[in-house]
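# Structural overview for review
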Amino acid sequence: MEALPPLNALRAFEVAGRYLNFRLAAQEMGLTQGAVAQQVRLLEAHLGMPLFERHAKGLAFTSAGRGYHAAVATSFDGLRAATGVLRPEPEKVLISVTPAFAAKWLIPNLPSFSERHPEIDLRIMATEKLSSFHSEGINLAIRQGAPPFGAALEAVCLFRQEVIAVASPNLTAAGTLPLSASALAKLSKLHDGHDLWPQFLAQIGVEEQSGRGLRLNQVALAIDAAISGQGVALVPRFLVARDLEAGTLLQVTDQVLEGDKGFYLLTEPRKKRGKAVEQVRHWLVDMSDQPDIDRK
């Protein structure tokens, strides 16, 4: 029985033959260009014949190398298929979300998703900008805003805008909750990029005291600062639901600031959504707090 060539050498030949370039083959394999070239030379030595013609701009098959590569590539495809049957690769879904939504809601709830759909590889892109479904390969996006978001996208509201004032129990230990308007006015305020304090205070008849409080550019940072006792933050209720339940944050006043800028799930039309994307969408909808949401 003819002895098989070294597997590493066959693999290097298969990849190099696809690109006809040692440098590109090295990038795919995570090796140096010299290491790939050496593996091919070992294979050629084992077979006793050249498989490539080396040129300044790349490689070209010899007549023997072309036929041998077709056979080797077919064999590797068969191995990949057989391995896939035994260990299917998880389906990949890329979701684009805001940093606050990722840190304070999505990541804490991921164990629930993984338990329900272990076969799906959910990948998270945290960014404030609206990512492109086409150029960046986004499958779903969650953004805070108000419709319309674009004629080519389906939008469903997962969480409506319901902003509350929260603080650490240590900050309000001396007061009785809910705080009066005057007591709230005296506390240090945590400002984020949405700058909702003037509107919130106006609702309870208090003038904003400018120059006081910490200013941050992310809601997630304002939540963390509130937990550490640095002031009162205005945040969407659903983002701090776990902290309120655990007692690490308290709602310090009954006042609620509502608006039309909810957190919306954006997807391409149903006919363009694959099975895995549809399953992620269903999970997000099921986790929503909106009773009248379209759950189809």
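Just above sits the structure.
First things first, this report covers the structure right here in the doc. (Residues numbered from 1 in each chain as written. Predicted model: local features only at pLDDT ≥ 70, side-chain atom pairs only at ≥ 80, totals over all residues. Heavy atoms only, no water.)

## A closer look at the nonpolar core
What counts, and what does not: The set of buried Ala, Val, Leu, Ile, Met, Phe, Trp, Tyr and Cys residues whose side-chain atoms join them within 4.5 Å is what this entry labels a nonpolar core. Only protein chains enter the calculation, and the probe is 1.4 Å; a residue is then buried if its accessible area is under 20% of its type maximum, exposed if over 50%, and partly exposed in between. Secondary structure elements follow DSSP: runs of H or I no shorter than four residues count as helices, runs of E no shorter than two count as strands, and numbering proceeds from the N terminus. In what follows, a contact means two residues having at least one pair of non-hydrogen atoms within 4.5 Å.
If you look at the biggest cluster of nonpolar residues, it comprises 40 residues, and the most contacted ones within it are Phe101, Trp105, Ile142 and Leu284. Considering each element in turn, this core owes the most residues, seven residues, to helix H5 (residues 99-116). Setting aside residues no more than four positions away along its own chain, tryptophan 105 makes contact with Ala100, Phe159, Phe238, Leu239, Trp283, Leu284 and Met287.

## Some thoughts on the packing of aromatic side chains
In plain terms, the rule: By convention, a stacked pair of Phe, Tyr or Trp rings (six-membered ring in the case of Trp) has centres within 6.5 Å and planes under 30 degrees apart, an edge-to-face pair has planes over 60 apart, and any other such pair is tilted. Consider the ring centre and the ring normal. A charge sits over the ring if Lys NZ or Arg CZ is within 6 Å of that centre and within 35 degrees of that normal.
A complete count under the given rule lists 15 aromatic pairs for this structure. Relative to phenylalanine 61, the ring of phenylalanine 13 lies with its centre 6.5 Å away and its plane at 80°, an arrangement referred to as edge-to-face. Of this pair, phenylalanine 13 sits in helix H1 (residues 7-19) while phenylalanine 61 sits in strand S2 (residues 58-61), placing them 48 residues apart in sequence. Classification of phenylalanine 13 as buried rests on a relative accessible area of 0%. Site record: aromatic cluster; members linked through ring pairs are Phe101, Trp105, Phe113, Phe159, Phe238, Phe263 and Trp283. One cation-aromatic arrangement involves arginine 11 over phenylalanine 76; the distance from NZ or CZ to the ring centre is 6.0 Å. Of note, lysine 189 hangs over the ring of tryptophan 197, and the distance from its end group to the ring centre comes to 5.6 Å.

## Re helix H10 (residues 275-287)
This is how it is decided: One less than the residue count of a helix, multiplied by 1.5 Å, gives the span that helix is expected to have.
Here H10 contains 13 residues, and its C-alpha end-to-end distance of 19 Å stays within 8% of the 18 Å for a straight helix at 1.5 Å per residue. All of the buried residues along H10 are Ala276, Val277, Glu278, Gln279, Val280, Arg281, Trp283, Leu284 and Val285. Where the residues of H10 are buried, they touch strand S3 (91-97), H5, strand S4 (120-126), strand S5 (140-145), strand S6 (154-167) and strand S11 (257-267).

## Quick notes on the packing of H1 against helix H3 (residues 33-47)
Let me state the cut-off plainly: Only the contacting stretch of a helix is used when fitting its axis, a line to C-alpha atoms as for every element, and angles between N-to-C directions run 0 to 180 degrees. Just so you know how the angles are binned, under 35 degrees is roughly parallel, over 145 roughly antiparallel, 65 to 115 roughly perpendicular, and the rest oblique. A clockwise turn of the near helix away from the far one marks a right-handed crossing, whereas an anticlockwise turn of less than a right angle marks a left-handed crossing. Asp, Glu, Lys and Arg are counted as charged, while Ala, Val, Leu, Ile, Met, Phe, Trp, Tyr, Cys and Pro are counted as nonpolar; the rest, among them Gly, fall into the polar class.
For the pair H1 and H3, the least separation of the axes is 8 Å and the interaxial angle reads 115°. Viewed along their axes, H1 and H3 adopt a mutual orientation that is roughly perpendicular. In terms of crossing hand, the pair formed by H1 and H3 is left-handed. Across the interface between the two elements, Asn8, Ala9, Leu10, Ala12 and Phe13 of H1 pack against Val36, Gln39, Val40 and Leu43 of H3. Split by residue class, the contact of H1 with H3 holds seven nonpolar, two polar and no charged.

## Examining helix H2 (residues 22-29)
The condition is simple: In this description, one arc is meant: the one made by directions from the helix axis to the C-beta atoms. For this analysis, a polar contact is any N or O atom pair within 3.5 Å, provided that within protein one partner can donate a hydrogen and the other can accept it, and provided that sequence-adjacent residues contribute only side-chain to side-chain pairs.
All of the buried residues along H2 are Phe22, Ala25 and Ala26. All buried residues of H2 fall inside an arc of 100° around its axis, so they share one side. Packed against the buried residues of H2 are H1, H3, strand S1 (52-55) and S2. N-capping of H2 is provided by asparagine 21, with a side-chain oxygen placed 2.8 Å from the backbone N of arginine 23. Phi turns positive, to about 70°, at glycine 30, one or two residues after H2.

## Notes on the pairing of S5
Put simply, the test is: Two strands qualify as a pair provided DSSP detects at least 2 bridges between them.
Counting buried positions along S5 gives five out of six residues, so the element sits mostly inside the fold. When S3 meets S5, the two strands line up parallel, connected through three bridges. Bridged to serine 96 within S5 is alanine 141. Pairing between S5 and S11: six bridges, direction antiparallel. Each bridged residue has a counterpart across the sheet, and for arginine 143 the counterpart in S11 is tyrosine 264.

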